[in-house]
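What follows is the residue order along each chain.
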Amino acid sequence: MNEKIKIDYIAVILLSIFFILLSYAGYLSYKSIDWDVLKRLEQAPIGVPPPIPTASISTPSAKK
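Cut-offs applied
Residues numbered from 1 in each chain as written. Predicted model: local features only at pLDDT ≥ 70, side-chain atom pairs only at ≥ 80, totals over all residues. Heavy atoms only, no water. Helix = DSSP H or I, 4+ residues; strand = E, 2+ residues; numbered from the N terminus. Buried < 20%, exposed > 50% of the residue type's maximum accessible area, 1.4 Å probe, protein only. Areas by Shrake-Rupley, 256 points an atom, 1.4 Å probe, with all protein chains shown as cover. Phe/Tyr/Trp six-rings, centres within 6.5 Å; stacked < 30°, edge-to-face > 60°. Patch = residues over 30% accessible without salt bridge, like charges linked within 9 Å, V, L, I, M, F, W, Y side chains within 5 Å. Salt bridge = Lys/Arg side-chain N within 4 Å of Asp/Glu carboxyl O.

**Student:** Can you help me understand the overall build of the protein in this one?
**Tutor:** What the protein contains, in helices and strands, is two helices and zero strands. Evaluated residue by residue, the protein yields a buried proportion of 0% over its 64 residues. When the accessible area of the protein is evaluated, it comes to approximately 7,200 Å², of which 66% is carbon and sulfur surface.

Structure representation (structure tokens):
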């Protein structure tokens, strides 16, 4: 049980590049948000349609 753990440098580099690119994509997404449109959407009233009335359908039960 005296084995040394070898670090896989290729996997570490690939994961680091992935998270760096993911962070950059999040930053670009954040910068592209049009905050004026978002504020107007938040101030607009919500139009909720009325509930659809459901008819009570009774099914005959099987009796023996």
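**Student:** Can you help me understand the packing of aromatic side chains in this one?
**Tutor:** Counted according to the given criterion, the structure contains two aromatic pairs. Where Phe-18 meets Phe-19, the ring centres are 5.2 Å apart and the plane angle is 70°; that geometry is what we call edge-to-face. The partly exposed category is assigned to Phe-19, whose relative accessible area is 47%. Ring centres 5.9 Å apart and planes at 65° place the aromatic pair Tyr-30 and Trp-35 in the edge-to-face group.

**Student:** So what exactly am I meant to see when it comes to a nonpolar patch on the surface here?
**Tutor:** A cluster of nonpolar side chains, namely Ile-7, Tyr-9, Val-12, Ile-13, Ile-17 and Leu-21, defines an oily patch on the protein surface of about 630 Å² accessible area. Note that Ile-13 resides in helix α1 (residues 9–31).

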